[in-house]
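# Structural features, examined
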Amino acid sequence: MLHFEITLLLILIFLIVYPILLSFLSGAKRVLFEPKLTDKEIYKKVKEEKRKLGLNSQNIKVEIYNGRSSECERESENQYVVRIADNFRGRRPATIKHEMYHVYRDKGEKDSTLKRLFIQEPRANLYDIFNICL
Ligand SMILES: [Zn+2]
């Protein structure tokens, strides 16, 4: 019986911490193992991800801005803007992959906080870390 309760507790803990774990892993991968990209390399990476994710019919604007974190937004049908934070964490290949995955999978929509925290962000992190498309 005790084993069952411990297992249940571990599952519960995992369900609470996996978004944090994935976000941490993603940040560590970017900062420790990836090169810092120049503007030109950022535009090139966006093009590459656009092709990989089959987003060729979408018009995606790229802005490198002085924000704290990168984000993407749908402006209208087939029109997106991806904003890459001009800082040590933003200028990395995984950041571009992450935001482009939000365009591909979430259509740039920001849903409720819970859905974002437990589904959209971990899913985008899985893609930017391991190339896993869910
Ligand atoms: Zn995200």
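Just above, that's the structure.
Presented here is a report on the structure given in the accompanying data block. Just so we're clear, the structure is a prediction, and the values are computed from it rather than from any experiment. (Residues numbered from 1 in each chain as written. Predicted model: local features only at pLDDT ≥ 70, side-chain atom pairs only at ≥ 80, totals over all residues.)

## Quick word on the sheet that holds strand S1 (residues 59–65)
Pairing within the open sheet is mixed, and its three strands lie in the order S1-S3-S2. Two strands lie at the open edges of the sheet, namely S1 and strand S2 (71–76), each paired on one side alone. Each adjacent strand pair in this sheet contributes to an overall mean axis angle of 20 degrees, direction not counted. Inspection of the sheet shows S1 paired to strand S3 (residues 79–85) by seven bridges, in the parallel sense. Across the sheet, Glu 63 pairs through a bridge with Arg 83, a residue of S3. The strands that helix H2 (residues 39–52) touches are S1 and S3; relative to S1, the one it contacts most, it runs at about 150 degrees. (Pairing = 2+ DSSP bridges. Helix = DSSP H or I, 4+ residues; strand = E, 2+ residues; numbered from the N terminus. Axes fitted to C-alpha atoms, helices over the stretch in contact; angles between N-to-C directions. Contact = placed C-beta atoms within 7 Å.)

## Brief notes about the pairing of S2
One ladder, built from five bridges, connects S2 with S3; its direction is antiparallel. What sits directly across from Cys 72, in S3, is Val 82. Here S2 hands over to S3 after two residues, with Asn 78 in that stretch at a positive phi of 65 degrees.

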